[in-house]
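# Structure at a glance
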Amino acid sequence: MGFGELELSRTFEWRGRSVAWERLGEGAPVVLCHGTPWSAQLWAPFARALSAEFAVHVWDMPGYGRSSKDPGHAVDLGTQGELFADLLEYWGLTAPHVIAHDYGGAVSLRAKLLHGAEYASLALVDVVALRPWGSEFFRLVAENAEVFQAQPPAVHRGALESYIGTASHRGLAGAQLATLTGPWLDADGQRAFYRQIAEADVRYTDEIQDRYPELALPVKVIWGADDTWIPVDRAKRLADAIPGALLDVIPGAGHLIQYDAPVELAFSLHRWLTAEVGRWGPAGSGR
């Protein structure tokens, strides 16, 4: 395990999938959701810092990180949203504070709107939530997934590092790049990387985006001003679509806001959580 990484030592078995997860700290429950092609490790320093005041839950979606990567298992956003609702029930969390990044936004929104999950509050950080999303690279992989999965490892590594590097506005340090690429570099990881891209489909957000005005809970939208993966204009559109949502735009940060502006993001999230816990008191509990 690299320096600073989280040990996800617990598992949740769901429909043949093994979901790696961990809980840190005590207090009001907070759940951190990652996106693609990331894992819970992107949230590692935030999870540790927040665990001084909150019970922080982190997890890897199936097909990602340390969770199972069985090629026979669907890893689309519909599957992940349904799983997340069941995972919260397994944890015994009736109303946690949820913080979601990238795909984690669509996953948490689908769990709420389609599968009955309840949250005390929701923070959406540079999330997949509004059409259009998905790049030309996504479409190319979807049409040629088997070809990409069969690339020589060195070619795959080069393509992976180049692709991930574009998510940061300030540039990634070697250790950061290693954390992000690590789960995708062995044979199973290489196949899983292209499989999850091939299963990306805007219909999973089309099914819910007209329902965002139904969200009757505190929501904060946080975005990197220099996000080239999901441009910042989506942040205002999303905040406008959700009644009462607050918006923070952080300058000098791209899609990987956790690395580009960690202090600014940490303060934004801590202010939000402290205010919401203070307003509603400890919510949810669980294992």
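As a reminder, the structure under discussion sits directly above these lines.
Let me begin by describing the structure that accompanies this report. (Residues numbered from 1 in each chain as written. Predicted model: local features only at pLDDT ≥ 70, side-chain atom pairs only at ≥ 80, totals over all residues. Heavy atoms only, no water.)

Another aspect to go through is the overall build of the protein. Assigned secondary structure in the protein consists of twelve helices and eight strands. At 17 Å, the protein has a C-alpha radius of gyration in line with the 19 Å of a compact globule built from 287 residues. Taken along its principal axes, the extent of the C-alpha atoms in the protein is 55 × 40 × 35 Å. Per-residue burial over the protein gives 55% buried out of 287 residues. A sequence separation of at least 24 residues applies to 80% of the contacts in the protein between residues at least 6 apart. Here the protein has roughly 11,300 Å² of accessible surface; of this, 55% comes from carbon and sulfur atoms. On the protein, the mean spot of the 24 positive side-chain charges and the mean spot of the 35 negative ones are 2 Å from each other. (Helix = DSSP H or I, 4+ residues; strand = E, 2+ residues; numbered from the N terminus. Rg over C-alpha atoms; globule rule 2.2 N^0.38 Å. Buried < 20%, exposed > 50% of the residue type's maximum accessible area, 1.4 Å probe, protein only. Contact = heavy atoms within 4.5 Å. Areas by Shrake-Rupley, 256 points an atom, 1.4 Å probe, with all protein chains shown as cover. Lys, Arg positive; Asp, Glu negative; His and termini not counted. Charge placed at Lys NZ, Arg CZ, Asp CG, Glu CD.)

What follows is about helix H6 (residues 153-165). Its 13 residues give H6 an end-to-end C-alpha distance of 18 Å, which sits within 8% of 18 Å, the value for a rise of 1.5 Å per residue. Buried residues of H6: His-156, Leu-160, Tyr-163 and Ile-164, and no others. Along the axis of H6, the buried positions cluster into a sector of 90°, meaning they face one direction only. (Expected span 1.5 Å × (residues − 1). Arc of directions from axis to C-beta.)

The strand order across the open sheet formed by eight strands is S1-S2-S4-S3-S5-S6-S7-S8, and the pairing between neighbours is mixed. Of all the strands in the sheet, just strand S1 (10-14) and strand S8 (246-250) have a single pairing partner and so form its edges. Averaged over neighbouring strand pairs, the angle between their axes works out to 20° when direction is ignored. When strand S7 (residues 219-224) meets S8, the two strands line up parallel, connected through five bridges. Looking at the pairing, Lys-220 lines up with Leu-246 of S8. Running over the sheet, helix H3 (residues 103-115) touches strand S3 (28-33), strand S4 (54-59), strand S5 (97-102) and strand S6 (121-127) and is turned about 135° from S5. (Pairing = 2+ DSSP bridges. Axes fitted to C-alpha atoms, helices over the stretch in contact; angles between N-to-C directions.)

Among the six residues that make up S5, six are buried, leaving the element largely enclosed by the rest of the structure. When S3 meets S5, the two strands line up parallel, connected through four bridges. By the bridge assignment, Leu-32 is partnered in S5 with Ile-99. Direction of pairing for S5 relative to S6: parallel, over a ladder of six bridges. Within the sheet, the bridge partner assigned to His-97 lies in S6 and is Ser-121. The β-α-β motif built from S5, the intervening H3 and the parallel element S6 has right-handed crossover chirality. (Right-handed = clockwise from strand over helix to strand, strands pointing away.)

Another point: the packing of aromatic side chains. Applying the stated criterion across every chain, the model contains 16 aromatic pairs. Look at Trp-38 and Trp-229: their rings are 5.6 Å apart centre to centre, the planes differ by 20°, and that puts the pair in the stacked class. Here Trp-229 lies in the loop between S7 and helix H10 (233-241) and Trp-38 lies in the loop between S3 and helix H1 (44-50), a separation of 191 residues in the sequence. Using a relative accessible area of 1% as the deciding quantity, one classes Trp-38 as buried. Residues Phe-148 and Tyr-194 carry aromatic rings whose centres are separated by 5.3 Å and whose planes lie at 35° to one another, so their mutual orientation is tilted. (Phe/Tyr/Trp six-rings, centres within 6.5 Å; stacked < 30°, edge-to-face > 60°.)

The subject of this paragraph is the packing of helix H4 (residues 136-143) against helix H8 (residues 187-198). Two numbers describe how H4 lies on H8: the axes approach to 8 Å, and their chain directions differ by 105°. As far as their axial angle goes, H8 and H4 are roughly perpendicular. Residue-level contacts link Phe-137, Phe-138, Val-141 and Ala-142 of H4 to Phe-193, Tyr-194, Ile-197 and Ala-198 of H8. Across the contact of H4 with H8, the residue classes break down as eight nonpolar, no polar and no charged. (Parallel < 35°, antiparallel > 145°, perpendicular 65-115°, else oblique. Nonpolar A, V, L, I, M, F, W, Y, C, P; charged D, E, K, R; others polar.)

Our next topic: the pattern of salt bridges. Tallied over the full model, the rule gives 17 salt bridges. Three or more residues are tied together by salt bridges with common partners; here these are Arg-110, Asp-201, Arg-203 and Glu-207. (Salt bridge = Lys/Arg side-chain N within 4 Å of Asp/Glu carboxyl O.)

Let's shift gears to the environment of Val-128. You can see Val-128 is positioned in the loop between S6 and H4. Distance in space between the C-alpha atoms of Val-128 and Arg-191 is 23 Å, their sequence separation being 63 residues. Residues in contact with Val-128, not counting those within four places in the same chain, are Asp-102, Tyr-103, Gly-105, Ala-106, Trp-133, Thr-205 and Ile-230.

Tracing the backbone shows Asp-102 in strand S5. Despite its burial, Asp-102 pairs with no opposite charge; the closest candidate is Arg-234, at 11 Å N-O. Engagement of the side chain of Asp-102 in a polar contact is seen with the backbone nitrogen of Thr-36, the distance being 2.8 Å. (Polar contact = N/O pair within 3.5 Å; in protein donor to acceptor, adjacent residues only side chain to side chain.)

Another aspect to go through is the pairing of S7. Burial within S7 is extensive, with six of its six residues counted as buried. Of the two faces of S7, both are covered, the one formed by Val-219, Val-221 and Trp-223 as well as the one formed by Lys-220, Ile-222 and Gly-224. Here four bridges tie S6 to S7, and the two strands are oriented parallel to one another. Counted as the bridge partner of Leu-122 is Val-219 from S7. Read as a crossover between parallel neighbours, the route from S7 over H10 to S8 is right-handed.

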